[in-house]
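# Descriptive structure summary
So the chains spell out like this:
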Amino acid sequence: MKHKFGIRKKFLIFFAIIFLAVLILSGIISHTINSFNKHEKRMSFSYKQIEITEDILILGQTVVREFRDVLDGGIDDKEEIIEAHSQVIKLVENFKAVVSAEETYLEGAEEEEEEEELQEINKLFSVYMAHYSKFDSILSSNKSLNEKRKEFRAYKENNFEDAWPKLIQEMVEGELEEIRVVDQKIKDNFKFVELFAWIAQITTLLILLLAYRWILKGITEPVEKFITVTNKISRDEYDFELQNNQKDEIGSLATALNDMTQKLKTSKTELLQSKELAEKANQAKSEFLSRMSHELRTPMNAILGFTQLIQMGSENSLSDIHRKNLKSVLSAGNHLLQLINDVLDISTIETGNLGISIDIVDIIPIVDNVISISKPMADKNGISLEYKVISEGSCFAEVDPLRFKQIVLNLVSNAIKYNKPNGSIVVSYELQKNGMMRLGIKDTGHGISEDKKEMVFKPFERIGINSEFIEGSGIGLTISQQLAKLMKGNIGFDSVYGEGSFFYVDIPVSDKIPFPTEIEEESFLASPANTNTKKILYIEDIKTNIELVKQIMKQHKPNISLISAPDALQGIKMAQTQIPDLILMDIHLPEMDGIEAFKRLQAIEKVKNIPVIALTADAMDADIKRATRLGFKDYITKPINVSKFLAAIDDVLG
């Protein structure tokens, strides 16, 4: 929008006035300075003429003194007289040159004065020459020396000593008068400049005061209002209207700011509504995932649990084909369970609900454990697994140990599964310059072609030869990449098709070494059979799960008596009457969940010290961490891994 008297035009007019005033002032000052310089130059000419005149006076007297010395001494040598006489002539010529230079500088403006000055110097020179000639004639006459001396003294006293200084004095006074005239002109000019300077200062002050008032009223005050408004906007306050009636850019800005405020107010309302809907949708998604995880794991618990029991107890009762079929069922069930876990993980990451517990840990034991776990699988496939041990012996990094192990296990497993028969794998460490440690896994597999490299970290993409026959969900690398980012690390790879791949994970190392903690020695050997009968209370509402645990206890822990309760309230009552050695607690229970039941047990003095293990299909990280914080001795997720389940019971019961 164009304004007739906008801020830009006002500033242009203001600066034009200032520029014009400065231009006029500069012209006057320049003229005055030139006048000062001219007057000072002219005064310098006068001072120079006075100086020359005084030198002529002194030299004239010197010439006379030399004549006297010659007469007094009877010396005929007149070289000193001639030298002094020559200097007088030069001074006269210098005087004329100064007069000529002054006339040239003044460009003939003072021709009469210059003519008078030349006449005076000529007169002075004529008088001097007359005296010189007289003295020279006396000296050169044929008279006796005494007569010459008398004549010389008489002429000097009567004709030279009074007339010569007087003539010089007249010339000097004439130049001094000229200097006084010029000095007065300078003073007059200075008074004018001083007066003009005062006028200029007062005028400039008035202009600045007017400009300050205009800027204050037209710009500063509105800007202060704008600042107040923007501060309110930053605090999400929109209930105001900026008042400004200026017909310039400031007024337009005020109008635009009012419009923007109203739009922000509307946008904020819409954003809050959208955020509320998104939070509800996210919450619904999280609840759905949790529910689906529970619902999927519940039937899987029976499938995998009873399958493990049949497999563990039927070494001699089943035929080879039945054992093979049973093994296939268990393998397929574990594959399905892994798929459920992976889908749950990636969904949890996408919703932002995955908890990461960063700690400073030595990653060497974690990698050692993964190598130990993966060695049988590598041996089975004829893959050599080489492990280059780090020279330092330890490497402390800032990671979530559980999630870091998940990443390493995924990378090593992929290197085994996608390798060539009788291939090799090399696991190595390399410290990076950016403060990261690179754990690399290099294989001799088929490699990845250029056109498929961008698909590596996409979920459900299976890349490689015969990939359809390789177990896995196809989202392990996707999950690993997201987990690495959450730990401020990175996953990458280099691959040459036909030669193999090098996958690596970079994690931030730490120079802080945690204080060692004393750990009680644990025996990893099988615990000796306990002849004392133990009692376990299992609070579970699904009969199939209860039956599975009964059969596990009957087959592997005959010294344990299992009792059960179908809900939390009955379980709390049974705990108080039966006083079990261990309580197995499902989390999803009717009427009261397992978390609340645990809290109530902890509030009862009689049973608060009974250890409680969560045995549930809730596998969300948040659920596990919450239960651990509350004081559950362990958290076992369904489907039950029978071996791990038995080990957990042994760990609690001893």
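Refer to the structure presented above.
Below or above, wherever it landed, is the structure these notes cover.

About the thresholds
- Residues numbered from 1 in each chain as written.
- Predicted model: local features only at pLDDT ≥ 70, side-chain atom pairs only at ≥ 80, totals over all residues.
- Heavy atoms only, no water.
- Helix = DSSP H or I, 4+ residues; strand = E, 2+ residues; numbered from the N terminus.
- Contact = heavy atoms within 4.5 Å.
- Areas by Shrake-Rupley, 256 points an atom, 1.4 Å probe, with all protein chains shown as cover.
- Pairing = 2+ DSSP bridges.
- Axes fitted to C-alpha atoms, helices over the stretch in contact; angles between N-to-C directions.
- Parallel < 35°, antiparallel > 145°, perpendicular 65-115°, else oblique.
- Nonpolar A, V, L, I, M, F, W, Y, C, P; charged D, E, K, R; others polar.
- Buried < 20%, exposed > 50% of the residue type's maximum accessible area, 1.4 Å probe, protein only.
- Arc of directions from axis to C-beta.
- Polar contact = N/O pair within 3.5 Å; in protein donor to acceptor, adjacent residues only side chain to side chain.
- Salt bridge = Lys/Arg side-chain N within 4 Å of Asp/Glu carboxyl O.
- Right-handed = clockwise from strand over helix to strand, strands pointing away.
- Patch = residues over 30% accessible without salt bridge, like charges linked within 9 Å, V, L, I, M, F, W, Y side chains within 5 Å.
- Lys, Arg positive; Asp, Glu negative; His and termini not counted.
- Charge placed at Lys NZ, Arg CZ, Asp CG, Glu CD.
- Phe/Tyr/Trp six-rings, centres within 6.5 Å; stacked < 30°, edge-to-face > 60°.
- Lys NZ or Arg CZ within 6 Å of the ring centre and 35° of its normal.

## Observations regarding the overall build of the protein
When helices and strands are counted, the protein shows 15 helices and 12 strands. A separation threshold of at least 6 residues defines the contact pool for the protein, and within that pool the share at least 24 residues apart is 75%. Surface summary for the protein: the accessible area is close to 38400 Å², and the carbon and sulfur share equals 55%.

## Observations regarding the sheet that holds strand β5 (residues 436–443)
An order of β2-β4-β5-β7-β6 is seen for the five strands of this open sheet, with the pairing classed as mixed. At either margin of the open sheet sits one strand with a lone partner, and together these are β2 (384–387) and β6 (490–496). For this sheet the average axis-to-axis angle between neighbouring strands, irrespective of direction, equals 15 degrees. Where β2 meets strand β4 (residues 424–431), four bridges bridge the pair, whose relative direction is parallel. The residue bridging Tyr387 from the neighbouring strand is Val427, located in β4. Its contacts with the sheet place helix α8 (residues 363–380) against β2, β4, β5 and β7 (500–508), and it is angled at close to 165 degrees to β2.

## Observations concerning the packing of helix α13 (residues 594–602) against helix α14 (residues 621–630)
For any two helices packed against each other, the geometry is given by the interaxial angle and the distance between the axes. It is at 11 Å that the axes of α13 and α14 come closest, and there the two elements cross at 5 degrees. Accordingly, the angle class assigned to the pair α13 and α14 is roughly parallel. Contact with α13, carried on its side by Ile595, Phe598 and Lys599, involves Arg626, Ala627 and Leu630 of α14 and no other residues of that element. Split into classes, the residues belonging to the contact of α13 with α14 amount to four nonpolar, no polar and two charged.

## Thoughts on helix α12 (residues 568–578)
Every buried residue of α12 is listed here: Ala568, Gly571, Ile572 and Ala575. The buried side chains of α12 occupy one side of the element, clustering within an arc of 100 degrees when seen end-on. The outward face of α12, more than 90 degrees from its buried face, is lined by the exposed residues Lys573 and Thr577. Tucked into the core, α12 has its buried residues touching β8 (534–539), β9 (560–565), β10 (582–585) and α13. One side-chain oxygen at the N-terminal end of α12 lies 3.2 Å from the backbone nitrogen of Leu569; it belongs to Asp567. Following α12 by one or two positions, Ile579 adopts a phi angle in the positive range, close to 50 degrees.

## Some points on the pattern of salt bridges
For the structure on display, the rule yields 10 salt bridges. In this structure, Asp379 and Lys375 form a salt bridge, with 3.1 Å as the shortest nitrogen-oxygen distance. Taken together, the residues Asp379 and Lys375, both in helix α8 and four residues apart, mark about one turn of the helix. Between Glu596 and Arg600 there is a salt bridge, and its shortest N-O distance comes to 3.6 Å. Of this pair, Glu596 and Arg600 are both found in helix α13, four residues apart, which corresponds to roughly one turn of the helix. If you follow the salt bridges from partner to partner, you end up with Lys134, Lys143 and Glu151 in one network.

## Section: the pairing of β8
Taken together, the six bridges between β8 and β9 define a ladder with parallel strand orientation. Each residue of the ladder has a partner; that of Leu537, found in β9, is Ile563. Each parallel crossover has a hand, and the one from β8 via helix α11 (residues 543–556) to β9 is right-handed. Sheet topology places β8 next to β10; four bridges connect them, and they run parallel. When the bridges of β10 are listed, Ile539 appears paired with Met585.

## What about the side chain of Asp567?
Considering the arrangement of structural elements, one finds Asp567 in the loop between β9 and α12. There is a polar contact of 2.8 Å between the side chain of Asp567 and the backbone nitrogen of Gln570.

## Digging into the pairing of β4
Summarising the sheet, β4 and β5 pair through seven bridges and their orientation is antiparallel. Bridging across to β5, Glu430 finds its partner in Arg438. Where β4 folds back on β5, the antiparallel hairpin that results is connected by four residues, among which Gly435 adopts a positive phi of roughly 80 degrees.

## Digging into the sheet that holds β9
A sheet is described by the order of its strands in space; here five strands give the open sequence β9-β8-β10-β11-β12, paired in parallel fashion. The open sheet has two free edges, formed respectively by β9 and β12 (634–637), since each of these has just one partner strand. The mean inter-strand angle of the sheet, taken between neighbouring strand axes irrespective of direction, is 20 degrees.

## What about a negative patch on the surface?
Side chains of Glu103, Glu115, Glu116, Glu120, Glu170 and Glu173 sit close together on the surface and give a patch of like negative charge. Of all elements in the fold, only α3 (111–140) and α5 (163–234) reach the threshold of two or more residues within the negative patch. With three residues, the single largest contributor to the negative patch is α3. By the element assignment, Glu103 lies in helix α2 (residues 79–105).

## Observations regarding the packing of aromatic side chains
Inspection of the entire model under this criterion finds 10 aromatic pairs. Here the aromatic rings of Phe598 and Phe632 are separated by 4.3 Å at their centres, their planes lie at 25 degrees, and the arrangement is stacked. With Phe598 in helix α13 and Phe632 in the loop between α14 and β12, the pair connects residues that are 34 residues apart, well separated along the chain. In this structure Phe598 comes out as buried when scored by relative accessible area, which is 3%. Members of the aromatic cluster, joined through ring pairs, are Phe67, Phe125, Tyr128, Tyr132, Phe135, Phe152 and Tyr155. Above the ring of Tyr504, the side-chain terminus of Arg438 is found at 3.7 Å from the ring centroid.

## As for the environment of Pro611
If you trace the backbone, Pro611 turns up in the loop between α13 and β11 (612–616). Residues within four places of Pro611 in sequence aside, it is in contact with Asp581, Leu582, Ile583, Lys633 and Val652.

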